[in-house]
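# Architecture at a glance
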Amino acid sequence: ETGVTQTPRHLVMGMTNKKSLKCEQHLGHNAMYWYKQSAKKPLELMFVYNFKEQTENNSVPSRFSPECPNSSHLFLHLHTLQPEDSALYLCASSQEGPVSGNTIYFGEGSWLTVV
Amino acid sequence: AQKVTQAQTEISVVEKEDVTLDCVYETRDTTYYLFWYKQPPSGELVFLIRRNSFDEQNEISGRYSWNFQKSTSSFNFTITASQVVDSAVYFCALSESHGSSNTGKLIFGQGTTLQVKP
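Residues numbered from 1 in each chain as written. Chains lettered and ligands numbered in written order. Predicted model: local features only at pLDDT ≥ 70, side-chain atom pairs only at ≥ 80, totals over all residues. Heavy atoms only, no water.

### Description of the sheet that holds strand β3 (residues 18-25) of chain A
Residues and elements named next belong to chain A. Strands sit in the order β1-β3-β8-β7 across an open sheet of four strands; the sheet is antiparallel. Two strands in the sheet have a free side with no partner beyond their single neighbour: β1 (4-7) and β7 (64-70). On average, each strand axis in the sheet is tilted by 20° relative to the strand beside it, whichever way the strands run. Pairing analysis gives four bridges linking β1 to β3, with the strands arranged antiparallel. If you follow Q6 over to β3, its bridge partner there is C23. (Pairing = 2+ DSSP bridges. Helix = DSSP H or I, 4+ residues; strand = E, 2+ residues; numbered from the N terminus. Axes fitted to C-alpha atoms, helices over the stretch in contact; angles between N-to-C directions.)

### What to know about the interface of chain A and chain B
Chain A puts 25 residues into the contact, and the matching count from chain B is 24 residues. Here chain A and chain B share zero salt bridges between them. For the pair chain A and chain B, the number of links is three residue pairs in polar contact (both at pLDDT 80 or more). Of all elements in the fold, only β4 (31-37), β9 (87-94) and β10 (105-106) of chain A reach the threshold of two or more residues within the side of chain A that touches chain B. Residue composition of the side of chain A that touches chain B, by class: twelve nonpolar, eight polar and five charged. (Contact = heavy atoms within 4.5 Å. Salt bridge = Lys/Arg side-chain N within 4 Å of Asp/Glu carboxyl O. Polar contact = N/O pair within 3.5 Å; in protein donor to acceptor, adjacent residues only side chain to side chain. Nonpolar A, V, L, I, M, F, W, Y, C, P; charged D, E, K, R; others polar.)

### Observations concerning the pairing of strand β2 (residues 10-14) of chain B
Residues and elements named next belong to chain B. Judged by which residues are buried, β2 turns out to be one-sided: I11 and V13 face inward and are buried, whereas E10, S12 and V14, on the alternate face, are not. Direction of pairing for β2 relative to strand β12 (residues 112-117): parallel, over a ladder of five bridges. Residue S12 lies in a different strand from β12, and its bridge partner there is Q115. (Buried < 20%, exposed > 50% of the residue type's maximum accessible area, 1.4 Å probe, protein only.)

Pasting the structure below:
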């Protein structure tokens, strides 16, 4: 059983829809992350939150809007996405903030298809 | 620049064979960390191991073993007596640091897809 849970596991949305991905970690960690995994591309870090504060936005388009209400929950709000945004979106957490050597634990991911 | 290369895109073996997944990294840092993750078809990235740059001892965990060679900048992963359940994509990753502003960002390789046939 994973300590990081993501919902929904699968999402199909139209380009004009607004939807959200939810992530919850049960590990007592202080940092949370969103990663994007596209076919034939390496995993890409999107956002980092440390103690609810955003510490990194890796040049992500504004149609992706993260929200971190507390250290245990992380959302990714989706609006007017493009078909090329179809990917596996992975949430992750780590005990401490994003420092070198910190082990990052991932959820099962949300498979997003934009039609 | 920091980089992780997994030259093997896909490997196919028959059950009970041993298999080694290669990982070569580049970094200018003297302190860094290396990781291996397993991604089964379900999608979750499962943490397997973390190794820091000062610890060159090889590690064994059951059928898994890791060979860290600083001289060749490699951190290879061997599965002994492979099983069908080992079929997955395996990622090697490097934890980035930039001195006082280290970000801990994980730099992933492209992944190696391992298929273990019965």
